[in-house]
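If you want the building blocks of each chain, they are given just below.
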Amino acid sequence: SINDHDDEITALAMSTDSQLLVSGSKDCSVRVCSLNIAKKKAHVEHASGGHTDRVQDVGISEDGSRVVSGGSDTMIRVLDVDGWKERVLVGHSGTVKTVKLSCDGILVISGSSDNTIRVWNVDEEKEFIALK
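Residues numbered from 1 in each chain as written. Predicted model: local features only at pLDDT ≥ 70, side-chain atom pairs only at ≥ 80, totals over all residues. Heavy atoms only, no water.

A. Spotlight on the overall build of the protein. Counting secondary structure elements, the protein contains zero helices and 12 strands. Relative to a compact globule of 132 residues, whose C-alpha radius of gyration would be 14 Å, the protein shows 14 Å and is just as compact. Summarising its shape, the C-alpha atoms of the protein cover approximately 45 × 30 × 20 Å along the three principal directions. The proportion of buried residues among the 132 residues of the protein is 48%. A separation of at least 24 residues holds for 33% of the contacts in the protein among residues at least 6 apart in sequence. Total accessible area on the protein stands at roughly 6,700 Å², and carbon and sulfur atoms take up 49% of it. (Helix = DSSP H or I, 4+ residues; strand = E, 2+ residues; numbered from the N terminus. Rg over C-alpha atoms; globule rule 2.2 N^0.38 Å. Buried < 20%, exposed > 50% of the residue type's maximum accessible area, 1.4 Å probe, protein only. Contact = heavy atoms within 4.5 Å. Areas by Shrake-Rupley, 256 points an atom, 1.4 Å probe, with all protein chains shown as cover.)

B. Just the sheet that holds strand β5 (residues 55-60), in detail. In spatial order, the strands read β5-β6-β7-β8; together these four strands make up an open sheet with antiparallel pairing. Whereas interior strands pair on both sides, the edge strands pair on one side only; in this sheet they are β5 and β8 (86-89). Each strand of the sheet is rotated relative to its neighbour by a mean of 20°, with strand direction disregarded. Bridge count for β5 against strand β6 (residues 66-71) is five bridges, and the pairing is antiparallel. Its bridge partner lying in β6, Val55 is registered against Gly71. (Pairing = 2+ DSSP bridges. Axes fitted to C-alpha atoms, helices over the stretch in contact; angles between N-to-C directions.)

C. Looking closely at the sheet that holds strand β1 (residues 9-14). Ordered in space as β1-β2-β3-β4, the four strands form an open sheet in which the pairing is antiparallel. The open sheet has two free edges, formed respectively by β1 and β4 (41-48), since each of these has just one partner strand. Pairs of neighbouring strands in the sheet enclose a mean axial angle of 25°, with direction left out of account. As paired elements, strand β3 (residues 30-36) and β4 share seven bridges and run antiparallel to each other. Within β4, the residue paired with Arg31 across the bridge is Ala47.

D. Structural view of the nonpolar core. Listed in full, the 12 residues of the largest apolar core are Ala11, Ala13, Leu20, Val22, Val30, Val32, Val55, Val58, Ile60, Val67, Leu79 and Val81. Element by element, the count of residues in this core is highest for β5, at three residues. (Core = buried A, V, L, I, M, F, W, Y, C linked by side-chain atoms within 4.5 Å.)

E. The pattern of salt bridges, seen in detail. Across all of its chains, the model carries nine salt bridges by this definition. In this structure, the salt-bridge partner of Lys26 is Glu8, at a minimum N-O distance of 3.7 Å. In this pair, Lys26 is assigned in the loop between β2 (20-25) and β3 and Glu8 in the segment before β1, connecting sequence segments 18 residues apart. What makes Lys26 partly exposed here is its relative accessible area of 31%. Linking Arg66 and Asp80 is a salt bridge whose minimum nitrogen-to-oxygen distance equals 2.6 Å. Of this pair, Arg66 sits in strand β6 while Asp80 sits in strand β7 (residues 76-80), placing them 14 residues apart in sequence. (Salt bridge = Lys/Arg side-chain N within 4 Å of Asp/Glu carboxyl O.)

Shown next, in the form of structure tokens:
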């Protein structure tokens, strides 16, 4: 089923080609589903339970190659759609409220309840800029 979450859905994102749907939940998980709009079908491609607290926001790169999630556990998780490799970005001291990927998926921007905006290089798995 497209909704295998065990609790409320807290965040949604869709790829620009409408082929992938990403959902985040209070159950600490992120689901990536492939969509076939013409046939009105969906299939769960990947489920990640890496967060230890609720997922606050999810996003997907414009090219559909990466998925990002931010949560109440202060973590940012980036998932490569090809191969499902997961990266964890650590630096916020409060709930990550919002996350966005650059068009090419190389940079992530995040906003947190710690009153900072951070820019991350995903490939290097480190913070690039912190704005306070």
